[in-house]
Amino acid sequence: MALNDSFLNELKLRTDINDVISTYVTLKRRGRTYVGLCPFHNEKTPSFTVYPETQSFYCFGCGAGGDAVGFIRKIENLDYVDAVKLLAGRVGMQLPEDGYDDSLAKRRKTILSINRETARFYHSYMMSDEGKAGREYFISRGLSKSTITKVGLGYAPDSWDSLLKHLKSQGFYVPDMEAAGVIKKGNKGYYDMFRNRVMTPIIDVRGNVIAFGGRVLDDSKPKYINTSDTLVYKKTNELFALNLAKDSGKNSLILCEGYMDVIAMHQAGFTNAVAGCGTALTSEQVRLISRYAEEVILAYDADEAGQQALNKAIRLFSQTDIKVRVPLLRGGKDPDEIIKTQGVEKFAAMLDGASNEIEYEIISSRRKYNLETTQGKIDFLNECIRILSGVTPIEQDIYVSRLSEELGVDKNNIKIQLERYSRSSVKRRKKRESTSAISESMRRNHKESFDNSTSTRKLKAEDRMLGLLLHHKKLIKRLDGFDDKWLTDGFHTKIYRLITERINLNLDIDLINFGESLSSDEMGRLSGIIARSTNSTNPEKEFDDCIEIIKEEFSKEQVKATDMSGISDDDFRKLFNK
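Owing to the predicted nature of the structure, the values given are computational and were not obtained by experimental measurement. (Residues numbered from 1 in each chain as written. Predicted model: local features only at pLDDT ≥ 70, side-chain atom pairs only at ≥ 80, totals over all residues. Heavy atoms only, no water.)

A few words on the overall build of the chain. When helices and strands are tallied, the chain shows 25 helices and 17 strands. The contacts in the chain between residues at least 6 apart in sequence include a share of 62% that link residues at least 24 apart. When the accessible surface of the chain is summed, it comes to about 29400 Å², and 48% of that surface belongs to carbon and sulfur atoms. (Helix = DSSP H or I, 4+ residues; strand = E, 2+ residues; numbered from the N terminus. Contact = heavy atoms within 4.5 Å. Areas by Shrake-Rupley, 256 points an atom, 1.4 Å probe, with all protein chains shown as cover.)

This is how it looks when you write it as structure tokens:
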């Protein structure tokens, strides 16, 4: 049974979307709305808008939108029911006693149970006599038994289907195991996904085992196997060991490349270390870090791949307010090796002496040029101007003074060049952001026009008609004779039917009442329609005009799509109007 309207309406009354969103986003009042930097995509000019009157939000940059439930659902990566539970808990409410029967939520819960039991199986096997090889591997890497237990490390047996048989004995079904990513189907049936590998469970901030990483004990390939995306896991959204690091009591996170680096650092007392889940850092992971820390220390490997990843990470973090520092790691290829060979104190000193991202970029640039030559100085200075164009005036003044002294160039001349570059850079950025926002909006809101030749005129009329209907229930009386087949297939037809069904049943048509039926993307699009549906001086006439446009454009579509076989356009229109 679905959540009833009375519960949802009570939740809506007790929840202030401003309070919810301001926990994650710094909002500034702008007239009757609030604006801020969108937490769902990187931007420097605020396009994220909160509407207190409709208790909704919408980003004109990326199209994210919805109500308070939708915001929590998206930013916390939760399903619908868990997002409702979280919000309800904030205001002292509990879900109705009759519960909530949702197949997707049930499957998610089942997968989490399978993962938890799988982690127990791997750990128990490793601690047994049969799992000695896995246990010795971790001990050889310098890990203590307490660390092994704390992280939940394990070992997958060198067997075709040991886990499969175990999970069956616990009452789990094969389709659910496959959905969890712990077994796989082959030509001869199902088999364990991970075999003869040391196992690292990935645990989210709520303590759920959501995925696994497996490593071979020898040089066989592939060296690493990781859980693919499932209902409970999307690697681009998660950070390894954040469940532990968030409780470190520090306002910074140390970002590493590998799981073993993180585990070794936690054992050495650096309990705020995390790593990305996947081969490359993502913007989603950057936003997740910015929610838990004010500063990030990028402790990447010293090899070429590590330095390339470091440069990408710096670019991603430059789109946020989080402070970035980069340590100069020496004496090993990665943090794990440095701690073993140099000791904890020396590694701690390297972290303490980490430079900020500006200093790091300047140091990296200096290595590329021969400063003994005039051209080398010019090229280096031009690159420094590019680097400094995005920092605060105080930082600019400090670095310009240093460059002036180092290169023997007048400070004022450097400043003039920097000011010119900054002005042109701002113009270029604003133009790019404006063009990007317009292009994305056109692509998102009128995708159907490219997919099935639906006219932009018709799509705009459909948007406006739905927006007016959401603001003025009484307009439903003007739909006599309207056929929803005239609407564009997909989103518009679905929303129209949901709205009219609820109005006919005398039910509320607030955003919160649609969250269960719509995906996150659909909620975003509906929020955009509401956001653009400004007050109309004559909603009845405008509504009628929209219907006429939809009807007229549909007629044109039928003329184009139908083999007329000698029937004239006039005859076809007569048929249509019957």
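Here the narrative resumes.
Let's shift gears to the pairing of strand β9 (residues 197-203). Successive side chains on a regular strand alternate, one facing one side of the sheet and the next facing the other. Burial analysis of β9 places 6 of its 7 residues in the buried class, which makes it a mostly covered element. Where strand β6 (residues 154-156) and β9 come together, 3 bridges link them in antiparallel fashion. Within β9, the residue paired with Ala156 across the bridge is Arg197. Where β9 folds back onto strand β10 (residues 209-216) in an antiparallel hairpin, the turn is made up of 5 residues, including Gly207, whose phi is positive at roughly 90 degrees. (Buried < 20%, exposed > 50% of the residue type's maximum accessible area, 1.4 Å probe, protein only. Pairing = 2+ DSSP bridges.)

Take the sheet that holds β9 next. The strands making up a sheet are joined through hydrogen bonds of the backbone, oriented either antiparallel or parallel. Pairing in this open sheet of 4 strands is antiparallel, and the strands run β6-β9-β10-β11 from one edge to the other. Unpaired on one side and paired on the other, β6 and β11 (224-226) mark the two borders of the sheet. The average undirected angle you get between the axes of adjacent strands in this sheet is 30 degrees. Each of β6, β9 and β10 is contacted by helix α6 (residues 132-140), which is oriented at about 70 degrees to β9, the strand it contacts most. (Axes fitted to C-alpha atoms, helices over the stretch in contact; angles between N-to-C directions.)

With that out of the way, let us pick up the packing of aromatic side chains. Evaluation of the coordinates by the stated rule reveals 17 aromatic pairs. Aromatic side chains Trp160 and Tyr191 sit 4.8 Å apart centroid to centroid with 35 degrees between the ring planes, which places their arrangement in the tilted category. In this pair, Trp160 is assigned in the loop between β6 and α8 (162-169) and Tyr191 in strand β8 (residues 189-192), connecting sequence segments 31 residues apart. Given a relative accessible area of 16%, Tyr191 falls into the buried group. Aromatic rings pair up to connect Tyr24, Phe40, Phe48, Phe57 and Phe71 into one cluster. We note Lys74 situated over the ring of Phe40; from NZ or CZ to the ring centre the distance is 5.4 Å. (Phe/Tyr/Trp six-rings, centres within 6.5 Å; stacked < 30°, edge-to-face > 60°. Lys NZ or Arg CZ within 6 Å of the ring centre and 35° of its normal.)

Attention now moves to the sheet that holds strand β1 (residues 28-30). Taken together, the 5 strands give an open sheet; going across it, the order is β1-β2-β3-β4-β5, and neighbouring strands pair in antiparallel fashion. The sheet is open, and its two edges are formed by β1 and β5 (65-66), each paired on a single side. Across 3 bridges, β1 lies against strand β2 (residues 33-36) in antiparallel orientation. Pairing of Arg29 across the sheet is with Tyr34, part of β2.

So, about the confidence of the model for the chain. Per-residue confidence for the chain gives a mean pLDDT of 86, with 90% of residues at or over 70. Mean pLDDT across the secondary structure elements of the chain bottoms out at helix α20 (residues 447-451), with 47, and peaks at β6, with 98. Confidence drops under a pLDDT of 50 for residues 437-442, and excluding neighbours within four residues, the segment shows 5 contacts in the predicted structure. (pLDDT = per-residue confidence, 0-100.)

Now for the side chain of Asn356. In this fold, Asn356 is placed in strand β17 (residues 355-356). Apart from the residues within four sequence positions on either side, Asn356 is in contact with Val324, Arg325 and Tyr399.

Interhelical geometry of helix α21 (residues 456-471) versus helix α23 (residues 520-532) gives an angle of 75 degrees and a closest axis separation of 9 Å. The orientation of α21 with respect to α23, classified from their angle, is roughly perpendicular. Of the residues in α23, those touching α21 at Asp463, Arg464, Leu466, Gly467, Leu470 and His471 are Leu526, Ile529, Ile530 and Arg532. Class assignment for the residues of the contact of α21 with α23 results in 5 nonpolar, 2 polar and 3 charged. (Parallel < 35°, antiparallel > 145°, perpendicular 65-115°, else oblique. Nonpolar A, V, L, I, M, F, W, Y, C, P; charged D, E, K, R; others polar.)

Before going further, it helps to spend a moment on helix α4 (residues 80-90). For α4, the complete set of buried residues consists of Tyr80, Val81, Ala83, Val84, Leu87 and Ala88. The buried residues of α4 all sit within an arc of 160 degrees when viewed along its axis, so they share a single face. Note on α4: the residue one or two positions beyond its end, Gly92, has a positive phi of about 75 degrees. (Arc of directions from axis to C-beta.)

Looking now at helix α3 (residues 68-75). Judged by how many residues are buried, α3 sits mostly within the fold: 6 of 8 residues are covered. When we look at burial in α3, the residues that qualify are Ala68, Val69, Gly70, Phe71, Ile72 and Ile75. Of the residues flanking the end of α3, it is Asn77, one or two places downstream, whose phi is positive at about 55 degrees.

Applying the stated criterion across every chain yields a total of 37 salt bridges. Two residues, Glu136 and Lys132, come together in a salt bridge whose shortest N-O distance is 3.7 Å. Of this pair, Glu136 and Lys132 both sit in helix α6, separated by 4 residues, roughly a single helical turn. On the accessibility criterion, Glu136 (42% relative accessible area) is partly exposed. (Salt bridge = Lys/Arg side-chain N within 4 Å of Asp/Glu carboxyl O.)

Among the nonpolar cores identified, the biggest contains 57 residues, and Phe138, Val182, Phe240 and Ile254 are the most heavily contacted of them. In terms of residue count, the dominant contributor to this core is helix α5 (residues 103-127) (7 residues). Not counting residues within four places of it along the chain, the set of residues in contact with Phe240 comprises Val151, Thr200, Pro201, Ile202, Tyr259, Val262, Ile263, Ala273, Val274, Ala275 and Cys277. (Core = buried A, V, L, I, M, F, W, Y, C linked by side-chain atoms within 4.5 Å.)

Moving on, we come to the environment of Thr23. Mapped onto the secondary structure, Thr23 falls in the loop between α2 (17-22) and β1. By relative accessible area, Thr23 is classed as exposed at 53%. Residues Thr23 and Arg291 lie 268 residues apart in sequence; the distance between their C-alpha atoms is 9.4 Å.

Moving on: the packing of helix α13 (residues 304-317) against helix α16 (residues 357-366). Packing of α13 against α16 leaves a shortest axis separation of 11 Å and a crossing angle of 135 degrees. For the element pair α13 / α16, the angle class is oblique. Crossing hand, α13 versus α16: left-handed. For the pair α13 and α16, contact is made by Gln307, Leu310, Asn311 and Ile314 and by Glu357, Tyr360 and Glu361, respectively. Split into classes, the residues belonging to the contact of α13 with α16 amount to 3 nonpolar, 2 polar and 2 charged. (Left-handed = near helix turned anticlockwise from the far one by under 90°.)

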